[in-house]
Amino acid sequence: MKALSLFVPAAAAAVAVAAFAAPAAFAATTSAAGQGSSGGAVFALNDNTAGNAVAAYHRAPDGTLTQAGSYATGGLGGVLNGSVVDHTASQGALAYDQAHGLLIAVNPGSDTISVFRVHGDRLALSQVLRSGGDFPVSVTVHGNHAYVLNALGGGSLYGYRIDGGYLAPISGSYRPLKLGTTSATQFTATPGQVAFTPDGTRLLVTTKATGNDVDVFSVRPDGRLSGSPTANALPGDVPFAVAFDQAGQAVVSEAGPNAVATFTLSHGGKLTQLDAAKTGQMATCWVVRAGRYVYASNAGSGSVSGYDVSRSGGLTALGNTATAAGTVDAASAAGGQFVYVQTGKAGIVDEFAVGVGGALTPIGSVTVPGGAGGEGIAAA
């Protein structure tokens, strides 16, 4: 087995590498449900400041979850000033890389990311790497490249190349966002998410209330980004998170008007709005696609708002579905048949089956150990 490694970027330019031996047994607690089980899995990050960990759940054919293990990331969770049910105020703190069989988690309190190898509903920690900045909150993967979004210190991006199932920092990939976040505005004025477009040619960053922009970088074949982004101003909209519909159009959750909006994205990085729909709920911040439908999480209302998205970007409301308190990040599985929603007040994952017409039917819930306030969820 290759040694567990820690990469440390210095001044975001030179990269010093220090390796330390991986222990024979990883810091994990595994239940009988994870022994030799087959089928799908769901992973949830607890963002615990005493020791960050990923809870792994076996997903049965009917979509219900059973905890299969808990895996320490080797780092610490972190809490932004002003947060209540969502410590990192972000989407995408966990990223599943199906092509390479990897799961990548952020450790905000340690300024690192952790890389796990995925074996069904089991995980094996293989790397802990520096995030290239201060307080990582979101990570995205496309092809052989991954990027992490750091929220503090003005915000920044840092990239990695994936080779042989391991990540290595990309020299020259650091990009400062130069946001004017202060200690008093961490919760609302930090960036919310980084996301590759479906074709991997552009990288989007939502800045929330710091400028109310969606920044779009072009991505070069070697994984490096354009020197500066195309900034798409959405005054007062507080763009928080982004997903992409079946046609590849951007779907943005907007915490300002508590709405969901669809956009086309030009090759040059310009967003053009197609439609917008208010949820009628409070703190609409996260959005996930499940097949032809999208679902927005409303932290202040304890609900999920569903929409059918047409090929032209039109939004048709499907109504609101109640969740446990503090609705945050979400993931879909099995080609959009199931949706799993984190609820941060008590650290619960609510499970839903997606029915005809996009209606959500509750099928159960599980508790993430030590996960109150945590966010970051992925499905395999």
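This one's a predicted model, so the numbers in the text were calculated from it and none came from an experiment. Sequence order as written defines residue numbering, which begins from 1 separately in each chain. Totals for whole chains, interfaces and linings use all residues, but because this is a predicted model, local features are given only for residues with pLDDT of at least 70 and pairs of side-chain atoms are given and counted only at 80 or more. Each side-chain value is worked out from all heavy atoms of the structure, with water and hydrogens disregarded.

Caption draft 1: Structural context of the pairing of strand β8 (residues 102-107). Relative accessible area decides the class of each residue, using a 1.4 Å probe on protein chains only: under 20% of the type maximum gives buried, over 50% gives exposed, and in between gives partly exposed. Each helix is a run of H or I in the DSSP string that is no shorter than four residues. Each strand is a run of E no shorter than two, and both are numbered from the N terminus. Counting buried positions along β8 yields 6 of 6 residues, so the element is predominantly enclosed. Burial along β8 is two-sided: Leu-102, Ile-104 and Val-106 facing one way and Leu-103, Ala-105 and Asn-107 facing the other are all buried. For two strands to be treated as a pair, DSSP must find at least two bridges joining them. Note: strand β7 (residues 94-97) against β8, 4 bridges, orientation antiparallel. For Ala-95, the partnering residue across the bridge sits in β8 and is Ile-104. Counted between consecutive antiparallel strands, the loop separating β7 from β8 contains 4 residues, among which Gly-101 sits at a positive phi close to 65 degrees. Of the strand pairs in this sheet, β8 and strand β9 (residues 112-119) are connected by 6 bridges, and their pairing is antiparallel. Following the sheet pairing, Ala-105 is matched in β9 by Ser-114.

Caption draft 2: Quick peek at the side chain of Gln-193. Tracing the backbone shows Gln-193 in strand β16 (residues 193-196). Whenever two N or O atoms come within 3.5 Å, that pair is a polar contact, provided that in protein one can donate a hydrogen and the other can accept it, and provided that, for residues adjacent in sequence, both atoms are side-chain atoms. Of note is the side chain of Gln-193, whose polar atom sits 3.3 Å from the side chain of Gln-91. Any two residues whose heavy atoms approach within 4.5 Å at even a single point are treated as in contact. Look past the residues within four positions of Gln-193 in its chain and what remains in contact with it is Gln-91, Ser-138, Leu-149, Leu-204, Val-205, Thr-206, Phe-240, Ala-241 and Val-242.

Caption draft 3: Fine view of the packing of aromatic side chains. A pair of aromatic rings is counted whenever rings of Phe, Tyr or Trp (Trp by its six-membered ring) have centres within 6.5 Å, and the orientation is called stacked for planes under 30 degrees apart, edge-to-face for over 60 and tilted otherwise. Within this structure, the stated rule accounts for 3 aromatic pairs. The interplanar angle of 70 degrees and the centroid separation of 6.2 Å between the aromatic rings of Tyr-147 and Phe-196 together place this pair among those described as edge-to-face. Residue Tyr-147 is found in strand β12 (residues 145-152), and its partner Phe-196 is found in strand β16; the two are separated by 49 residues along the sequence. When the ring centre of Tyr-166 is taken as reference, the NZ or CZ atom of Arg-117 above it lies at 4.5 Å. Here, a charge over a ring is recorded when the distance from Lys NZ or Arg CZ to the ring centre is within 6 Å and its angle to the ring normal is within 35 degrees.

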